[in-house]
Amino acid sequence: MSGQHWDAALKAAREAAEAAAEVIRHYWRRGVDVEIKSDATPVTIADREAEQAIRAVLGPALPGAAIYGEEFGLDGSRDGLLWLVDPLDGTKSFVRRTPFFSTQIALMHQGELVLGVSSAPVYGETMWASAGGGTWFNGERVQVAQTSEMAQASISTGNVKTLTDDARWQALGALIRDSNRIRGYGDFCHYHLLARGGLDLVIESDVNILDVAALAVIVREAGGVFTDLEGQPLTLETRSVLAGTPAIHTQALRRLALSPLGRGPG
């Protein structure tokens, strides 16, 4: 699939992200009340109105596509064209006045992710990519680093709670010891850094496909590799991430796979 094929959809996704950014900036300035959803995560009026703004743009732009959003669920069928939308990924940061939150919009075509937009309006970064069209950061084309040795690799982790009780935890510790640098940027931030050459590996568990679908396209089109922690391609059920430069991803996957899967002792 060429990048040209998805130009109109990518334009709509970027417009939708900017519509959401206007909502988010408004509530960032004035503050919001916080509600707790049934899954114990926070939600605000900014989340809901941002998703409404996104849907208002995406619906007319691609009438045959379904929309699956964080706040309002699935509108249409999962088969065929499917927009994946997280209007405000990082609500916990948003309500604590920390700018590590973003809008994530991706398009899936028959199970394949074909475009993604990641907009962090308060942080001041926007990245986008489409199949065959490369990855763009604030209007400039970017690529992952050429790092090939773990001793030179910079690693970032996020949402690793479940891994702390997993047999792979020790393997992760050894991987970190052999690396050059470890940070925990989290959320959109470490994927942006990876796609533009500032990091070499990102490891996460406890994610939702809506959090990472757009970022997967962005990393892939920048020359990186983006899978789950078992090395499998992303699906709507994906819950973990291993993303990196091709060489570092291969090394990390091999080392993590050497540890027995499942829960560790205790």
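These numbers were taken from a predicted model, which means no experiment stands behind them.

About the cut-offs
Numbering of residues starts from 1 in each chain and follows the order in which that chain's sequence is written. Local features in this predicted model are restricted to residues of pLDDT 70 or higher, and side-chain atom pairs are both shown and tallied only at a pLDDT of 80 or more, whereas totals for entire chains, interfaces and linings draw on every residue. The basis for the side-chain values is all heavy atoms of the structure; hydrogens and waters are excluded. Secondary structure elements follow DSSP: runs of H or I no shorter than four residues count as helices, runs of E no shorter than two count as strands, and numbering proceeds from the N terminus. Atoms considered for the radius of gyration are the C-alpha atoms alone. The globule rule reads 2.2 Å times the number of residues to the power 0.38. Buried residues are those whose accessible area, probed at 1.4 Å on protein chains only, stays under 20% of the maximum for their type, while exposed residues exceed 50% and partly exposed ones sit between those limits. Residues count as neighbours in contact if any of their non-hydrogen atoms are within 4.5 Å of one another. Working definition of accessibility: Shrake-Rupley area with a 1.4 Å probe, residue cover restricted to the visible protein chains. Positive: Lys, Arg. Negative: Asp, Glu. His and the chain ends are not part of the count. Charge coordinates come from a single atom per side chain, which is NZ of Lys, CZ of Arg, CG of Asp or CD of Glu. In this scheme, strands are said to pair when DSSP sees at least two bridges between them. Convention adopted: a line fitted to C-alpha atoms gives each axis, helices being fitted over their contacting stretch, and angles between N-to-C directions are expressed from 0 to 180 degrees. Take the residue count of a helix, subtract one, and multiply by 1.5 Å to get its expected span. To get the bend at any residue, fit one axis to the seven residues that end at it and another to the seven that begin at it, then take the angle between the two axes. Distance and chemistry together define a polar contact, namely a pair of N or O atoms within 3.5 Å, with one atom able to donate a hydrogen and the other to accept it when in protein, and with adjacent residues in sequence counting only for side-chain atoms on both sides.

This next bit is on the overall build of the protein chain. Per the secondary structure count, the protein chain includes seven helices and 15 strands. In summary, the protein chain has a C-alpha radius of gyration of 18 Å against a globular reference of 18 Å for 266 residues, a match within 12%. Here the protein chain holds 266 residues, and 53% of them are scored as buried. At a minimum sequence separation of 6, the contacts of the protein chain that also span at least 24 residues come to 64%. In the form shown here, the protein chain has an accessible surface area of approximately 11800 Å², with 49% of it arising from carbon and sulfur atoms. Placing the 24 positive and 32 negative side-chain charges of the protein chain at their respective mean positions leaves the two points 5 Å apart.

Overall, mixed pairing links the five strands, which are arranged β12-β11-β13-β15-β14 in an open sheet. If you trace the sheet from one side to the other, it starts and ends with β12 (181-183) and β14 (225-227), each paired once. Within the sheet, the average angular offset between the axes of one strand and its neighbour, ignoring direction, is 15°. The sheet contact formed by β14 and strand β15 (residues 241-244) spans three bridges and is antiparallel. Across the sheet, the residue bridging to T227 is L242, located in β15. Against the sheet, helix α5 (residues 187-195) engages β11 (154-158), β13 (201-204), β14 and β15, with an angle of about 155° to β13. Against the sheet, helix α7 (residues 246-257) engages β13, β14 and β15, with an angle of about 145° to β15.

End to end, helix α6 (residues 209-221) covers 18 Å across 13 residues, agreeing with the expected 18 Å (1.5 Å per residue, within 8%). The principal kink in α6, of about 25°, is found at L215. Within α6, 12 of the 13 residues are buried, which leaves it mostly tucked inside the rest of the structure. Buried within α6 we find I209, L210, D211, V212, A213, A214, L215, A216, V217, I218, V219 and E221. Between the side-chain oxygen of the N-cap and the backbone nitrogen of L210 there are 2.8 Å, and the N-cap of α6 in question is N208. Of the residues one or two after α6, G223 is the one with positive phi, at around 100°.

Reading across the sheet, the eight strands line up as β4-β3-β5-β6-β7-β8-β9-β10 and stay open at both edges, with mixed pairing between neighbours. In the strand order of this sheet, the two ends are held by β4 (73-75) and β10 (140-142), each with one partner. Strand-to-strand twist in this sheet, taken as the mean axis angle between neighbours without regard to direction, amounts to 20°. Relative to strand β5 (residues 81-89), strand β3 (residues 66-69) runs parallel, the two sharing four bridges. In the strand pairing of β5, Y68 is matched with L84. Packing of α5 onto the sheet brings it into contact with β6 (102-109), β7 (112-120), β8 (125-130), β9 (134-137) and β10, and relative to β8 it is tilted by some 60°. In the packing of α6 onto the sheet, the strands contacted are β3, β5, β6, β7, β8 and β9, and the crossing angle to β7 comes to about 100°.

A word on the pairing of β8. Within β8, five of the six residues are buried, leaving the element largely enclosed by the surrounding structure. With six bridges joining them, β7 and β8 adopt antiparallel strand pairing. Of the residues in β8, the one forming a bridge with L115 is S130. Adjacent in sequence and paired antiparallel, β7 and β8 are bridged by four residues, among which G124 carries a positive phi angle near 90°. The turn linking β8 back onto β9 is made up of three residues, and G132 within it adopts a positive phi angle of 80°.

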